[in-house]
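# Chains, contacts and geometry: an overview
Below, each chain spelled out in residue letters.
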Amino acid sequence: MMKTALLDMLICPACLPDEMALSCRIDNQKDDDIITGSLHCNRCNESYSITDAIASFIPASALDHEAQNRYEDPALLASYLWSHYADLSGDTDATPAYSEWAERMAPSPGVALDAGCAVGRFTFEMAAKSDFAVGIDRSRTFISAARDLMKQGRLAFHIPMEGALQEFFTLQLPDTWRVDAVDFIVGDIQSLPFPSTRFSSVASLNLIDKLPRPLKHLEEMNRVANIHGAQFLFSDPFSWCETVTQKENWLGGTETGPFEGRGIDNVAALFTGDGGHMLPPWHVERKGSIWWKIRTHKNLFELIRSRSLKASR
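These numbers come from a predicted model, not from an experiment.

### Focus on the overall build of the protein chain
- Regarding its fold elements, the protein chain presents 7 helices and 14 strands.
- Expected size for 313 residues packed as a compact globule is a radius of gyration near 20 Å; at 19 Å, the protein chain falls within 12% of this value.
- C-alpha extents for the protein chain along the principal axes are approximately 50 × 45 × 40 Å.
- The proportion of buried residues among the 313 residues of the protein chain is 54%.
- Put simply, of all contacts in the protein chain between residues at least 6 apart along the chain, 66% involve residues at least 24 apart.
- When the accessible surface of the protein chain is summed, it comes to about 13,700 Å², and 50% of that surface belongs to carbon and sulfur atoms.
- Both charge centroids of the protein chain, one from 30 positive and one from 41 negative side chains, sit 3 Å from each other.

### Digging into the pairing of strand β10 (residues 182–186)
- Extensive coverage of β10 is indicated by the burial of 5 of its 5 residues.
- Burial of β10 is two-sided: the residues Val182, Phe184 and Val186 facing one way and the residues Asp183 and Ile185 facing the other way are all buried.
- Summarising the sheet, strand β7 (residues 132–137) and β10 pair through 5 bridges and their orientation is parallel. Across the sheet, residue Ala133 finds its bridge partner in β10, namely Val182.

### Things to note about the environment of Tyr71
- Within the secondary structure layout, Tyr71 lies in the loop between α1 (63–66) and α2 (74–85).
- Sequence separation of Tyr71 and Tyr85 is 14 residues, and the distance between their C-alpha atoms is 18 Å.
- Beyond its immediate sequence surroundings of up to four residues, Tyr71 is in contact with Leu76, Tyr80, Ser139, Thr141, Phe142 and Lys210.

### Things to note about the sheet that holds strand β13 (residues 283–297)
- Within the open sheet, the 7 strands sit side by side as β10-β7-β6-β11-β12-β14-β13. Their pairing is mixed. Since the sheet does not close on itself, it has two edges, and those belong to β10 and β13, each with one partner. Between one strand axis and the next, the sheet turns by 15° as a mean value, whatever way the strands run.
- As judged from the 13 bridges shared by β13 and strand β14 (residues 300–312), these two strands associate in the antiparallel manner. When the bridges of β14 are listed, Trp292 appears paired with Ile304.
- Against the sheet, α2 makes contact with β13 and β14, and its axis sits at roughly 130° relative to β13, the strand it touches most.

### Things to note about helix α5 (residues 140–152)
- Taking 1.5 Å of rise per residue, the 13 residues of α5 would be expected to cover 18 Å, and the 18 Å separating its terminal C-alpha atoms lies within 8% of that figure.
- Residues of α5 that are buried: Phe142, Ile143, Ala145, Ala146, Arg147, Leu149 and Met150.
- The N-cap residue of α5 is Ser139: its side-chain oxygen and the backbone nitrogen of Thr141 are 3.4 Å apart.
- Following α5 by one or two positions, Gly153 has its phi on the positive side, about 75°.

### Observations concerning the pattern of salt bridges
- Counted under the stated rule, the structure contains 15 salt bridges.
- For Arg147, the salt bridge is made with Asp183, and the minimal N-O distance between the two is 2.3 Å. In this pair, Arg147 is assigned in helix α5 and Asp183 in strand β10, connecting sequence segments 36 residues apart.
- Arg147 gets classed as buried once you look at its relative accessible area, which sits at 2%.
- When its relative accessible area of 0% is taken as the criterion, Asp183 is described as buried.
- Among the ionic pairs, Arg295 bridges to Glu167, the shortest N-O distance being 2.6 Å.

### Brief notes about the state of the cysteines
- Under the definition given, this model contains 0 disulfides.
- We note that Cys12 lacks a disulfide partner, and the nearest cysteine sulfur, in Cys44, lies 3.6 Å from it.
- Residue classification places Cys12 among the buried residues on the basis of a relative accessible area of 0%.

### Details of the packing of α2 against α5
- Direction vectors running N to C along α2 and α5 enclose 45°, while the axes themselves pass 10 Å from each other. Judged on the interaxial angle alone, α5 and α2 are oblique. Pair α2 / α5 crosses with right-handed handedness. Between α2, through Leu76, Leu77, Tyr80, Leu81 and Tyr85, and α5, the contact on the second element is made entirely by Thr141, Phe142, Ala145 and Leu149.
- Considered class by class, the residues forming the contact of α2 with α5 number 8 nonpolar, 1 polar and no charged.

The rules we used
- Residues numbered from 1 in each chain as written.
- Predicted model: local features only at pLDDT ≥ 70, side-chain atom pairs only at ≥ 80, totals over all residues.
- Heavy atoms only, no water.
- Helix = DSSP H or I, 4+ residues; strand = E, 2+ residues; numbered from the N terminus.
- Rg over C-alpha atoms; globule rule 2.2 N^0.38 Å.
- Buried < 20%, exposed > 50% of the residue type's maximum accessible area, 1.4 Å probe, protein only.
- Contact = heavy atoms within 4.5 Å.
- Areas by Shrake-Rupley, 256 points an atom, 1.4 Å probe, with all protein chains shown as cover.
- Lys, Arg positive; Asp, Glu negative; His and termini not counted.
- Charge placed at Lys NZ, Arg CZ, Asp CG, Glu CD.
- Pairing = 2+ DSSP bridges.
- Axes fitted to C-alpha atoms, helices over the stretch in contact; angles between N-to-C directions.
- Expected span 1.5 Å × (residues − 1).
- Polar contact = N/O pair within 3.5 Å; in protein donor to acceptor, adjacent residues only side chain to side chain.
- Salt bridge = Lys/Arg side-chain N within 4 Å of Asp/Glu carboxyl O.
- Disulfide = S-S within 2.5 Å.
- Parallel < 35°, antiparallel > 145°, perpendicular 65-115°, else oblique.
- Left-handed = near helix turned anticlockwise from the far one by under 90°.
- Nonpolar A, V, L, I, M, F, W, Y, C, P; charged D, E, K, R; others polar.

Put into structure tokens, the structure is as follows:
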């Protein structure tokens, strides 16, 4: 359920770069959780719904398009749930990728942001090292699953085994995880509904090559991060594809242009201030690679090397 604690950290994404506060209408509330209601911007007159305890910052005009989003597919949901959590169940086919990413983040007071959180594993990991963590993703299906885990601590689902055969998979979160210190919302990570310098820890894992405007996403993450005392974990396989991102917007993988060469080198340069896109500059503390998997069925996995960097300022 959307926690009322989020209300003081939300702004209208349609009004960016101006940061306009939102008024909240609560139709149904239980304790500190909003079940149904809406958030409204008095400047641009845009309204954002809260339904089934999920706040959505995707404009109503985009809802029809979102219905066709591949990330709303149940089969893909099962693949991502397995990828994020199967190691907790002792599945020997799983990788410890999320634990390895978490190891790179230092404990930090304040609020953490997991952008493109998918089904929420790293949001929970960030909550263990922060006062509170927020996960945001464009997929309502993914956010709904993350919230189910947050509320129930477990989730059961079917995952393909072979052909039409399926197997039943049950995820159980560790009892020590701080599920009361997280929340999840639906939104566009290229137009974040948060004010500047709101977060002490931010993460962007495996999504920049899936965005129409990857540089805009990095600029937005830089905007919402603290000017001092912040940490940023970035990771991506740089699987550029022109059906998702026009080639002129790639941050690597080309022989000419402002971002020629390898993506991880160009992103590291952006972090340290090149082009003035991410100021004040960040100090890159660590670069490396982490292997992770997505399962399609019992005999088919996608093994991905994600190039990562950890920065602070």
